[in-house]
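# A look at the structure
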Amino acid sequence: MSKNPMLLEVSGVSVTFDGFRAINNLSFQIASAELRAVIGPNGAGKTTMMDIITGKTRPDTGKITYGRPGKNLLKMSESAIARIGIGRKFQRPTVFENQSVFDNLVMALKKNRSPLDVAFYRRSQEDIKKVEDLAAEIGLTEQLHRMSGELSHGQKQWLEIGMLLAQDPKLLLVDEPAAGMTPEEREKTTDILRKAAKTRAVVVVEHDMEFVRRLNCRVTVLHEGSVLAEGSIDHVTKDQSVIDVYLGR
Amino acid sequence: MQNTFLIRRQSVLVFIGLLALFTIGATLLSEGLGIGLVSTSFVKTLGKTLCLCLVALAMDLVWGYCGILSLGHFAFFGLGGYMIGMWLMYARTEQIVINSLANASLPPTPDELSDAIGTQIFGVVGGSDIPAVWTFAHSLPLQLALVVLVPGILALVFGWLAFRSRVTGVYLSILTQAMTLALALYLFQNDSGLRGNNGLSGLQNIPGAAAVSQDLISIWFLWASAFALGLGYLFAVWLVSGKFGSVIRAIRDDETRVRYLGYSVEAYKLVVFVITAVIAAIAGALYYPQAGIINPAEIAPIASIYLAVWVAIGGRGRLYGAVVGAASVSLISSWFTSGQVPDLPLGFYTVKWVDWWLVLLGFGFVLVTLYAPQGLGGLFDRLVRRQNP
Ligand SMILES: Nc1ncnc2c1ncn2[C@@H]1O[C@H](COP(=O)(O)OP(=O)(O)OP(=O)(O)O)[C@@H](O)[C@H]1O
Ligand SMILES: [Mg+2]
């Protein structure tokens, strides 16, 4: 445990939308170099959980601390949370379609983000190299100078993951990265994520059980806004309550 | 990569080249320095048009690139005009007063002087005291600083309040309209200190240059306006072609996503809003000495809407589009409203273009929106792409 200290601690978080409790007394922890899969039926609150961590939704109660010494995320803006090292990939791929893959990645590179610094930014050889390496990692070397809007669905997903990696976050939240991908694309996505998790924490929300099995990591099952079960994939798939609400359907 | 940059540079060279050719051409044909084919009043129209192109450029930056549909940038334009107008009017009146008192037996005391100036300027609104807002009007450098500072600070305060509360889209547009309306209504009051609905006049007379003819002054302003437009264009190209441009276009397309990249969207919007307000103010400060008069009606909400229409017709998000839109629409508009276009007798009804021009403009706007949503610039781009695919 001391070798792998906690990075994110969510405790007792609840959020209500118009009387509907989407997250109900949710608690869990993520260690600093951990790959974690989060599964759960539609509407279980997986996306909402990410919204809360990244500052989009403010919970009614609960606490979220991040890093060492623990910072209270509930007091920070979305952009500040991103700057201290939490990156997020959305469920629907969102890249800037009117800009090239290269420009998308340059924008995401970990750099000073104040308007003045950005206005006088000149891309260095080193940055170009970084972007090219990233493009190689996500398999978009050939597409580097194409408009992102021209990419296939899978390529857009990878570009978005690449943009996350460019930010060099300590915690990566990935919402359904394999949705709409072909089996080969899924395999490649698994590789990218597993590799990313060697040096940072990665939380992957996914529906697809095969995909989760291939990630080969600890699994958290969410149901009605709280944790139903947690453990290895074999452990949770044997859990009767999980079978009842999720797998049995 | 290299390639796109070269193309961009080329287009900048073309733009600056055309602008220089235009200015030199107009000079050679003018009454002031050329063969007199182009009247001085038309030289002024051309100079004013260049200023309108500059404010349209600002509008394109804030709307076309950053996605903030501000319907208040003409307020900044007008404020720039007021700020320079105060110096023009004060300094010139001061000269006149000094000249007329020169023959008096006793030299005038400072009080008498300021009283005489006050009466001259504020007699129309029934006052003779010089209001506090005119404190710096005696000094050109100070008043020039105010050209930048007053609209800049207004934009800063307004933008800070609006963006911080995440007002976007149509609500922001309405808020900017409210801002111009409030400003215009304030200026309409006689006790606003800026001569109410009389506005500031005689601005074409440049203090200290009484001996210079308007023919020549019009050329000076034409060149100054062309220079400002050229500089503004270079600045805008520089701003949008780098990473800053990338970020603001990203904000336009999906501001939430930009937030999760760690950029403070509000700060960027504020920077763009203030910079463009200052550009608009500089354009206004060059425009009104050529127009000769400014009054609160210039700041009416509709003026800012026209500005958006010009940019939409010219084509958003491509700087030259804003220039083309502003130049063509404002020149055609001044042609139609000058009464030079013959009326169209339809037998049962005579179309007077002075009145019907707006209908025509509205119709044109609808056509562009329906059939060329990218504006004239978009048509041009398509043409270029067809020629060298
Ligand atoms: N802004 C909101 N306003 C109202 N209800 C919301 C809001 N966001 C989420 N919900 C509700 O909260 C519940 C949890 O939604 P959430 O999107 O987190 O589910 P999910 O686990 O991501 O589901 P999926 O697998 O379909 O993506 C849903 O019932 C949803 O309708
Ligand atoms: Mg979801």
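Residues numbered from 1 in each chain as written. Chains lettered and ligands numbered in written order. Predicted model: local features only at pLDDT ≥ 70, side-chain atom pairs only at ≥ 80, totals over all residues. Heavy atoms only, no water.

An unreviewed UniProt entry lists chain B under the name Branched-chain amino acid ABC transporter permease, from Ahrensia marina. UniProt lists a comment for chain B under the heading Subcellular location (unreviewed entry), and it reads "Cell membrane". (UniProt positions renumbered as here; feature names shortened; annotations may be inferred.)

Residue and element names in this part refer to chain A. Here strand 6 (residues 86-89) shows no split at all, with Ile86 and Arg88 on one side and Gly87 and Lys89 on the other all buried. When strand 6 meets strand 7 (residues 171-175), the two strands line up parallel, connected through four bridges. Directly across from lysine 89, in strand 7, lies its bridge partner valine 174. (Buried < 20%, exposed > 50% of the residue type's maximum accessible area, 1.4 Å probe, protein only. Helix = DSSP H or I, 4+ residues; strand = E, 2+ residues; numbered from the N terminus. Pairing = 2+ DSSP bridges.)

Residues and elements named next belong to chain A. The strand order across the open sheet built from four strands is 2-1-4-5, with neighbouring strands paired in antiparallel fashion. Only two strands of the sheet have a single neighbouring strand rather than two, namely strand 2 (20-31) and strand 5 (71-72). In this fold helix 1 (residues 46-53) packs onto strand 1 (6-17), strand 2 and strand 4 (61-66), with an angle of close to 65° to the strand it touches most, strand 2. (Contact = heavy atoms within 4.5 Å. Axes fitted to C-alpha atoms, helices over the stretch in contact; angles between N-to-C directions.)

This part covers the pattern of salt bridges. All names here are of chain A. Using the criterion set out here, one finds 24 salt bridges over all chains in the structure. Between arginine 213 and aspartate 234 there is a salt bridge, with the nearest N and O atoms lying 3.4 Å from each other. Here the residue arginine 213 occupies a position in helix 8 (residues 209-215), and aspartate 234 occupies one in helix 9 (residues 233-238), the gap between them amounting to 21 residues. Its relative accessible area of 36% is what places arginine 213 among the partly exposed residues. Exposure remark for aspartate 234: the relative accessible area of 40% places this residue in the partly exposed category. With a closest N to O distance of 3.0 Å, glutamate 230 and arginine 218 form a salt bridge. A residue pair is termed long-range when its members are at least 10 positions apart, and glutamate 230 in strand 10 (residues 226-231) and arginine 218 in strand 9 (residues 218-223) qualify at 12 residues. On the basis of relative accessible area, glutamate 230 is assigned to the partly exposed category, the value being 26%. (Salt bridge = Lys/Arg side-chain N within 4 Å of Asp/Glu carboxyl O.)

Once that is clear, we can look at the coordination of the magnesium ion (ligand 2). For the magnesium ion (ligand 2), the full set of protein donor atoms is Thr47 of chain A (OG1) and Gln91 of chain A (OE1), at a range of 1.9 to 2.4 Å. Here glutamine 91 of chain A lies in the loop between strand 6 and helix 3 (101-108) and threonine 47 of chain A lies in helix 1, a separation of 44 residues in the sequence. (Donors = N, O, S within 2.8 Å, 3.2 Å for Na, K, Ca; no water.)

In this section: the interface of chain A and chain B. Listed as interface residues are 30 residues of chain A and, on the opposing side, 23 residues of chain B. Between chain A and chain B lies a buried interface of about 2600 Å² when both sides are counted; carbon and sulfur atoms form 61% of it. For the pair chain A and chain B, the interface holds two salt bridges. Its salt-bridge partner being glutamate 78 of chain A, residue arginine 166 of chain B comes within 2.9 Å of it at the nearest N-O pair. Where chain A packs against chain B, one counts 10 residue pairs in polar contact (both at pLDDT 80 or more). Contributing elements (two or more residues each) for the side of chain A that touches chain B: helix 2 (78-83), helix 3, helix 4 (115-119) and helix 6 (153-166) of chain A. (Buried area = accessible area lost by both parts, 1.4 Å probe. Polar contact = N/O pair within 3.5 Å; in protein donor to acceptor, adjacent residues only side chain to side chain.)

Turning our attention to the site of ligand 1. Residue and element names in this part refer to chain A. The immediate surroundings of ligand 1 are formed by 13 residues, with Asn42, Lys46, Thr47, Thr48 and His207 found nearest. Between glycine 43 and ligand 1, the recorded distance is 2.9 Å, taken from a backbone N or O atom to an oxygen atom. Take histidine 207: an N or O atom from its side chain is 2.8 Å from an oxygen atom of ligand 1. Calculation on ligand 1 without its partners gives an accessible area of 630 Å², and the protein chains cover 63% of this total. Looking at the shell around ligand 1, the elements that each hand over two or more residues are strand 2 and helix 1. (Near = heavy atom within 4 Å. Areas by Shrake-Rupley, 256 points an atom, 1.4 Å probe, with all protein chains shown as cover.)

Another point: the confidence of the model for chain A. The pLDDT averaged across chain A works out to 91; a share of 97% of its residues lies at or above 70. Looking at the elements of chain A, mean pLDDT is at its lowest for helix 10 (residues 240-247) of chain A, recorded as 80, and at its highest for helix 3 of chain A, recorded as 96. (pLDDT = per-residue confidence, 0-100.)

Here we come to the packing of aromatic side chains. Under the defined criterion, the tally for this structure stands at 19 aromatic pairs over all chains. For the ring pair phenylalanine 120 of chain A and tryptophan 238 of chain B, a centre distance of 5.3 Å and an interplane angle of 50° mean the geometry is tilted. Pair noted here: phenylalanine 120 of chain A is in the loop between helix 4 and helix 5 (125-137) and tryptophan 238 of chain B is in helix 7 (residues 214-241), and the two residues belong to different chains. Linked through ring pairs, Phe74, Phe77, Tyr287 and Tyr288 of chain B together constitute an aromatic cluster. Across from the ring centre of tryptophan 158 of chain A, 3.9 Å away, lies the NZ or CZ of lysine 188 of chain A, which sits over that ring. Positioned above the aromatic ring of tyrosine 121 of chain A, the side-chain terminus of lysine 243 of chain B is 4.2 Å from the ring centre. (Phe/Tyr/Trp six-rings, centres within 6.5 Å; stacked < 30°, edge-to-face > 60°. Lys NZ or Arg CZ within 6 Å of the ring centre and 35° of its normal.)

Residues and elements named next belong to chain A. In this structure, strand 1 lies alongside strand 4, joined through five bridges in antiparallel fashion. Residue pairing for strand 4: serine 14 is matched across the bridge by threonine 61. Summarising the sheet, strand 4 and strand 5 pair through two bridges and their orientation is antiparallel. Note that in strand 5 the partner of threonine 65 across the bridge is asparagine 72.

To continue, consider a negative patch on the surface. On the surface, Asp111, Glu112, Asp115 and Asp129 of chain B cluster together to form a negatively charged patch. Looking at aspartate 129 of chain B, the relative accessible area reads 61%, which means it is exposed. (Patch = residues over 30% accessible without salt bridge, like charges linked within 9 Å, V, L, I, M, F, W, Y side chains within 5 Å. Lys, Arg positive; Asp, Glu negative; His and termini not counted. Charge placed at Lys NZ, Arg CZ, Asp CG, Glu CD.)

Bringing helix 10 (residues 301-314) of chain B into the picture now. In an α-helix, one turn spans 3.6 residues; hence positions three or four apart end up facing the same way. Residues and elements named next belong to chain B. The end-to-end C-alpha distance of helix 10 is 21 Å, a good match for the 20 Å that 14 residues give at a rise of 1.5 Å each. Of all 14 residues in helix 10, 11 are buried, a share of seventy percent or more. For helix 10, the secondary structure elements touched by its buried residues are helix 2 (40-65), helix 3 (73-101), helix 6 (169-188), helix 11 (319-337), helix 12 (353-371) and helix 13 (375-387). With its phi angle positive at about 110°, glycine 315 sits one or two positions after the end of helix 10. (Expected span 1.5 Å × (residues − 1).)

Moving on: the nonpolar core. Counting 174 residues, the largest nonpolar core has Val202 of chain A together with Phe74, Phe77, Trp134, Leu229 and Leu319 of chain B as the members making the most contacts within it. It is helix 2 of chain B that contributes the most residues to this core, 16 residues altogether. Beyond its immediate sequence surroundings of up to four residues, phenylalanine 77 of chain B is in contact with Cys51, Leu52, Val55, Ala280, Ala281, Ala283, Gly284, Tyr287 and Tyr288 of chain B. (Core = buried A, V, L, I, M, F, W, Y, C linked by side-chain atoms within 4.5 Å.)

The strands making up a sheet associate through backbone hydrogen bonding, with each pair oriented either parallel or antiparallel. All names here are of chain A. With mixed pairing, the six strands of this open sheet are ordered in space as 6-7-8-3-9-10. The sheet is open, and its two edges are formed by strand 6 and strand 10, each paired on a single side. Each adjacent strand pair in this sheet contributes to an overall mean axis angle of 20°, direction not counted. In the sheet, strand 9 pairs with strand 10 via five bridges, with the strands oriented antiparallel. In the strand pairing of strand 10, valine 221 is matched with alanine 229. Across the sheet, helix 7 (residues 183-196) lies against strand 3 (35-39), strand 7 and strand 8 (201-205), angled at about 145° from strand 8, the strand it touches most.

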